[in-house]
Amino acid sequence: MQRLNRIVDPLQLIPGTTLRIPLAWLQQTPAPATVVAVAGQATVVPPGETARAVQAGESLYAGAQLETAANSSVTLRFADGSTLVLQPGARMSLDTVSVYAGGGMVDTRLRLQQGRVEIGANPRHTSGSRLRVITPSAVAAVRGTRFRVEAGEAVAREETLEGAVGLDAAGQNVAVAAGQGSLAELGK
């Protein structure tokens, strides 16, 4: 850490000095998503288990895979208060649902294989928290905003409803402001 922060003499640190600490060094603990509501037919496949119906009130951990039928949806709440509505005909897995540093930072990474989600990222919890939606052709990352993401086999669509969304696709990053949207094709 001394080299990372370019500290010549650690005994001469000035109070208030900002130190960078690699995320990998922080303790990470699971922070499951809570199923707030289920409308229609939806299934979950928890890690190492078989598919079953999703139940309101249950906790879902990293590795869980969700799927909604036509005319169905599932609403999830994450550790930072962010909410997600998995819309009809969608398939998504929870890659990472955890907290760092005693709950001070939340890391949520979702993999949307198919369909559409609408997310309200908690604007009051922005101290280093991350929420990312990964599709086959793009990654949307946000803090404190509302947005939608749709994933197809080779296309991802993103719509920013409030705030701004950082969208990474084909090695480029763009900021998508409120009232705007983006389209990313695989490799473009």
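Use the structure listed above.
Below is a summary of the structure that appears in this document.

Definitions and limits used
Residues numbered from 1 in each chain as written. Predicted model: local features only at pLDDT ≥ 70, side-chain atom pairs only at ≥ 80, totals over all residues. Heavy atoms only, no water. Helix = DSSP H or I, 4+ residues; strand = E, 2+ residues; numbered from the N terminus. Buried < 20%, exposed > 50% of the residue type's maximum accessible area, 1.4 Å probe, protein only. Contact = heavy atoms within 4.5 Å. Areas by Shrake-Rupley, 256 points an atom, 1.4 Å probe, with all protein chains shown as cover. Lys, Arg positive; Asp, Glu negative; His and termini not counted. Charge placed at Lys NZ, Arg CZ, Asp CG, Glu CD. Core = buried A, V, L, I, M, F, W, Y, C linked by side-chain atoms within 4.5 Å. Patch = residues over 30% accessible without salt bridge, like charges linked within 9 Å, V, L, I, M, F, W, Y side chains within 5 Å. Salt bridge = Lys/Arg side-chain N within 4 Å of Asp/Glu carboxyl O. Pairing = 2+ DSSP bridges.

Moving on: the overall build of the protein chain. Assigned secondary structure in the protein chain consists of 0 helices and 17 strands. Viewed in the frame of its principal axes, the protein chain has a C-alpha envelope of about 65 × 35 × 30 Å. Taken across its 188 residues, the protein chain has 37% of its residues classed as buried. Intrachain contacts of the protein chain at a sequence separation of at least 6 include 44% that bridge at least 24 residues. A total accessible area of about 10,200 Å² is found for the protein chain, and carbon and sulfur atoms account for 51% of it. Taking the average place of the 17 positive charges on the side chains of the protein chain and the average place of its 15 negative ones, the gap between the two points comes to 5 Å.

A separate point is the side chain of Thr-75. Assignment of secondary structure puts Thr-75 in strand S7 (residues 73-77). If we skip the residues at most four places from it in the chain, Thr-75 touches Thr-34, Val-35, Val-36, Ala-37, Leu-84 and Val-85.

For the rest of this paragraph, the subject is the nonpolar core. Grouped together as the largest cluster of nonpolar side chains are 36 residues, with contacts concentrated most on Leu-76, Leu-84, Leu-86, Met-92, Leu-94 and Phe-147. Broken down by element, the residue count for this core peaks at 4 residues, all from strand S10 (residues 105-120). With near-sequence residues (within four places) excluded, Leu-86 lies in contact with Leu-66, Thr-68, Ser-72, Ser-73, Val-74, Met-92, Leu-112, Arg-116 and Val-117.

This part is about a nonpolar patch on the surface. Together, Met-1, Leu-13, Leu-19, Ile-21 and Trp-25 make up an exposed nonpolar region whose accessible area comes to about 480 Å². Among the secondary structure elements, Leu-19 is positioned in the segment before strand S1 (28-30). For Leu-19, a relative accessible area of 33% translates into the label partly exposed.

Next up on the list: unusual backbone geometry. Keep in mind that most residues, glycine aside, have a negative phi and that most peptide bonds are trans. Phi at Arg-6 is positive, roughly 55°, even though this residue is not glycine. Within the secondary structure, Arg-6 sits in the segment before S1. Of note in this structure, Asn-71 is not a glycine but carries a positive phi near 60°. Inspection of the secondary structure puts Asn-71 in the loop between strand S6 (65-68) and S7.

The buried fraction of strand S11 (residues 130-134) amounts to 4 of the 5 residues, a majority that puts the element mostly inside the structure. In this sheet, S11 lies alongside S10 in parallel orientation, the contact comprising 5 bridges. Across the sheet, the residue bridging to Asp-107 is Arg-130, located in S11. The sheet contact formed by S11 and strand S12 (residues 139-142) spans 4 bridges and is antiparallel. Bridge assignment links Arg-132 to a residue of S12, and that residue is Ala-141.

The next thing to look at is the environment of Thr-68. Checked against the element boundaries, Thr-68 lands in strand S6. Judged by its relative accessible area of 5%, Thr-68 is buried.

The next subject is the pattern of salt bridges. By the definition in use, this model includes 11 salt bridges. One salt bridge connects Arg-52 with Glu-58, and the closest N-O pair in it is separated by 2.8 Å. Given the relative accessible area of 32%, Arg-52 is considered partly exposed. Exposure remark for Glu-58: the relative accessible area of 14% places this residue in the buried category. A salt bridge links Asp-107 to Arg-132; its shortest N-O distance comes to 2.8 Å. Of this pair, Asp-107 sits in strand S10 while Arg-132 is found in strand S11, placing the two residues 25 residues apart along the sequence. A relative accessible area of 17% means that Arg-132 is categorised as buried. If you follow the salt bridges from partner to partner, you end up with Arg-116, Glu-118, Arg-146, Arg-148, Glu-150, Glu-159 and Glu-162 in one network.

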